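# Examination of the molecular architecture
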Amino acid sequence: MPGIGAAAAVLGFVEAGLALGVVAYVLVMLASFGGVGSDIAGAVVVLVGSIVLSGLLLLGSLFLVRRSGRRLLVGATIAEGVLVLGLGIWALADSSTMAVSYADYPYDDYGYSSTSSGPGAAVVVALLTVLMVALALPVVRLALVAQPAVGSWLRTRPPAAPVWSAETQQWTAPRSGSGVVLALLAPVALLLVATIVVLSTAEDSVDYGIADGAAGVYGTDSEWSYLYDGGDPVAPPTSDDPEFEARYDDDAQDCFGGDLGACDDLYSETEVGSLYEWLGSTCGGREEFETYGSCE
């Protein structure tokens, strides 16, 4: 077997094994912590696509070693390159969308100001670097397996020598060796089943380990956002108001008076969804978007 053909087969085996290992690790993390985010379709495409491609790479590499052909390995390699390129383009586009989102909103979901943060040149460079590295392996493998020497070696394959069968007492064609194929595909099939089970039972949102009702956590826009008045401070409830709570009144009054530290204290000590939490998170109604404890 030519050295370049052996190198292509080894790259196929190694890369398929690494990909299956990564998928197994991701599944363990999902099963342990739960949640795949809102884009469950994307998770299905990436995980299932990686598993199927790994199986094709294993078979293609085996067929090349057995001198049975190189078409499957070439096809799997091209499909891998297309998948990696597509994921890279999607990641770059997603980072650009994030940058626009940071520019549109003064604070993100965790309360950090976007005036000096957000995806920038460093993120784009990192994504491009990962993309180039990920594309290098299939490109190198394709260049190796497409060499004329590999094609000549495959075309000059001698016919398989017959073997003596004790049962029929005659020479017969050797068995195809399907056991090796089944051994290679067994972990692929198991991972595929595990992926379907894990993704079908995973929650649509990520669990960050924060108990229900904890102060300072918002899942959606506050019902009190209509009180925003162009940046003017919003007066806290009075004792006649049904929303009034005496234990929060001191911090609320200080926040209304301009003490931003009191606003942060008010946000952290109040209940989720309450008027007082909204007052603290918006720095007394001065901010249109919640700062989540970052007024000061």
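Below is a short write-up of the structure.

Cut-offs used in this document
- Residues numbered from 1 in each chain as written.
- Predicted model: local features only at pLDDT ≥ 70, side-chain atom pairs only at ≥ 80, totals over all residues.
- Heavy atoms only, no water.
- Helix = DSSP H or I, 4+ residues; strand = E, 2+ residues; numbered from the N terminus.
- Core = buried A, V, L, I, M, F, W, Y, C linked by side-chain atoms within 4.5 Å.
- Buried < 20%, exposed > 50% of the residue type's maximum accessible area, 1.4 Å probe, protein only.
- Contact = heavy atoms within 4.5 Å.
- Expected span 1.5 Å × (residues − 1).
- Bend = angle between axes of the 7 residues up to and from the residue.
- Salt bridge = Lys/Arg side-chain N within 4 Å of Asp/Glu carboxyl O.
- 1 Å grid on protein atoms, 1.4 Å probe; cavity = no way out; pocket = protein on both sides within 12 Å on 5 of 7 lines; lining within 4 Å.
- Points joined across faces, edges and corners; volume = space filled by probe spheres on them.
- Phe/Tyr/Trp six-rings, centres within 6.5 Å; stacked < 30°, edge-to-face > 60°.

### So, the environment of E288
Positionally, E288 belongs in the segment after α9 (275–281). A sequence separation of 61 residues divides E288 from L227, and the C-alpha atoms of the two residues are 9.4 Å apart.

### Some words on the nonpolar core
Within the largest apolar cluster, 28 residues are counted, with the highest numbers of intra-cluster contacts made by L27, L47, L58 and L64. Only α1 (3–33), α2 (40–65), α3 (71–104), α4 (121–145), α5 (148–155) and α6 (178–201) provide two or more residues apiece to this core. A per-element tally of this core places α2 first, with 8 residues. Among all residues touching L64, those that are not within four sequence positions of it are M1, G5, A8, A9, G69, R70, L73, V145, V150, W153 and L154. Judged by nonpolar contacts, the second largest core, of 9 residues, contains V234, L266, Y276 and L279.

### A word on α6
Under the 1.5 Å per step criterion, the end-to-end length of α6 is 34 Å for 24 residues, consistent within 8% with the ideal 34 Å. At L185, α6 is bent by approximately 30°, the largest bend along its length, and proline P187 sits one to four residues beyond. Taken as a whole, α6 has its buried residues at V181, L184, V188, L191, T195, V198 and L199.

### Observations concerning the pattern of salt bridges
Summed over all chains, the structure comprises 4 salt bridges. In this structure, R141 engages E80 in a salt bridge whose closest nitrogen and oxygen atoms are separated by 2.4 Å. On the criterion of sequence distance, the pair formed by R141 in helix α4 and E80 in helix α3 is long-range, its members being 61 residues apart. Among the residues examined, E80 registers a relative accessible area of 7% and is labelled buried. Residue R247 pairs with E271 through a salt bridge whose shortest N-O separation is 3.8 Å. Separated by 24 residues along the polypeptide, R247 in helix α7 (residues 246–256) and E271 in the loop between α8 (260–269) and α9 bring together distant segments of the chain. For E271, a relative accessible area of 46% puts it in the partly exposed group. Salt bridges here are not isolated pairs; linked through shared partners, they connect E15, E80 and R141.

### With respect to the layout of surface pockets
The calculated volume of the second largest pocket comes to roughly 650 Å³. Of all the secondary structure elements, the ones that give two or more residues to the lining of the second largest pocket are α1, α2, α3 and α4.

### Structural notes on the packing of aromatic side chains
Under the criterion given, the structure shown has 2 aromatic pairs. Ring centres of Y267 and Y292 lie 6.3 Å apart, and the angle between their planes is 90°; this geometry places the pair in the edge-to-face category. On the criterion of sequence distance, the pair formed by Y267 in helix α8 and Y292 in the segment after α9 is long-range, its members being 25 residues apart. Of the two residues, Y267 and Y292, both sit in the buried class.

### Overview of unusual backbone geometry
For R67, which is not glycine, the phi dihedral falls at a positive 70°. As for its placement among the helices and strands, R67 is situated in the loop between α2 and α3. In the Ramachandran plot, Y292 falls in the positive-phi region, its phi being about 55° despite a non-glycine side chain. Y292 sits in the buried class, given a relative accessible area of 17%.

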